[in-house]
Amino acid sequence: MIKFTLNGRTVETDAPATARLLDLLRDEFELNGTKEGCGEGECGACSVFVNNLLQNSCLIPIGSIDAADIQTIEGVMETEQFKILDECYSIAGGVQCGYCIPGMVMASAALLSKNPHPSEAEIREGISGNLCRCTGYNMIVDAINLAAKKGDGLWQRK
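Residues numbered from 1 in each chain as written. Predicted model: local features only at pLDDT ≥ 70, side-chain atom pairs only at ≥ 80, totals over all residues. Heavy atoms only, no water.

K.L.:
Before we go on, may I ask you to explain the packing of helix H3 (residues 80–92) against helix H6 (residues 138–150) in this structure?
P.N.:
In helix packing, the relevant descriptors are the interaxial angle and the interaxial distance, both defined with respect to the helix axes. Between H3 and H6, the least distance of the axes is 8 Å, while the angle of their chain directions is 135°. Classified by the angle their axes make, H3 and H6 are oblique. Where H3 crosses over H6, the handedness of that crossing is right-handed. Residue-level contacts link Ile84, Leu85, Glu87, Cys88, Tyr89, Ile91 and Ala92 of H3 to Met139, Ile140, Asp142, Ala143, Ile144, Leu146, Ala147 and Lys150 of H6. Along the lines of polarity and charge, the residues of the contact of H3 with H6 split into twelve nonpolar, no polar and three charged. (Axes fitted to C-alpha atoms, helices over the stretch in contact; angles between N-to-C directions. Helix = DSSP H or I, 4+ residues; strand = E, 2+ residues; numbered from the N terminus. Parallel < 35°, antiparallel > 145°, perpendicular 65-115°, else oblique. Left-handed = near helix turned anticlockwise from the far one by under 90°. Contact = heavy atoms within 4.5 Å. Nonpolar A, V, L, I, M, F, W, Y, C, P; charged D, E, K, R; others polar.)

Okay, structure coming up:
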């Protein structure tokens, strides 16, 4: 059995240790906010926090997450940080088709937790592991910049 914390609660699975975290989250735990885009760790659609570090869940075998703390977009949605990001993405028009947005929000939260006042260049670097085919990124950058201003003091991850 592999035991870990998922969005604040202790869970366990008997899935094969070589199974991908992405598949476990979607299939066993029905957390469908984590998306599969490329399956190769290039697009960021499957981004999750593993022990507070942004990771691509499509690359993580579940055997490596025993005793880890995993947070998905569903867990992040329960935070004050998400409320600010959600509002700012909406204001800036940073969501179009929405497929990349869970991973983009995870990358945004990771960036702002490390650097609560990033420059535009730092924002672009911070989301560089996430692909978006609809927005052209400018509106996403605007959303993160706005969130940095509105959420001052809220970005420290615990």
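Now, onward.
K.L.:
Looking at this model, I keep getting lost on the packing of aromatic side chains. Mind explaining?
P.N.:
By convention here, two paired aromatic rings are described through the distance between centres and the angle between planes. This structure, assessed with the given rule, holds one aromatic pair. With a centroid separation of 6.0 Å and 80° between ring planes, the pair formed by Phe4 and Phe29 is classed as edge-to-face. Here Phe4, found in strand E1 (residues 2–6), pairs with Phe29, found in the loop between helix H1 (21–28) and strand E3 (47–50); they are 25 residues apart in sequence, far enough to count as distant. Note on Phe29: relative accessible area 16%, which makes it buried. (Phe/Tyr/Trp six-rings, centres within 6.5 Å; stacked < 30°, edge-to-face > 60°. Buried < 20%, exposed > 50% of the residue type's maximum accessible area, 1.4 Å probe, protein only.)

K.L.:
Just to check I follow, could you spell out the pairing of E1 for this structure?
P.N.:
By the alternation rule, side chains of E1 split into Ile2, Phe4 and Leu6, which are all buried, and Lys3 and Thr5, of which none is buried. Here E1 pairs with strand E2 (residues 9–13) via five bridges, running antiparallel. Bridge pairing links Thr5 to Thr10 in E2. Hairpin connection, E1 to E2: the antiparallel pair is bridged by two residues, and Asn7 has positive phi, about 50°. (Pairing = 2+ DSSP bridges.)

K.L.:
How should I be thinking about a negative patch on the surface in this particular structure?
P.N.:
On the surface, Glu12, Asp14, Asp27 and Glu28 cluster together into a negatively charged patch. Residue position: Asp27 is located in helix H1. Take Asp27: its relative accessible area is 59%, and that puts it in the exposed class. (Patch = residues over 30% accessible without salt bridge, like charges linked within 9 Å, V, L, I, M, F, W, Y side chains within 5 Å. Areas by Shrake-Rupley, 256 points an atom, 1.4 Å probe, with all protein chains shown as cover. Salt bridge = Lys/Arg side-chain N within 4 Å of Asp/Glu carboxyl O. Lys, Arg positive; Asp, Glu negative; His and termini not counted. Charge placed at Lys NZ, Arg CZ, Asp CG, Glu CD.)

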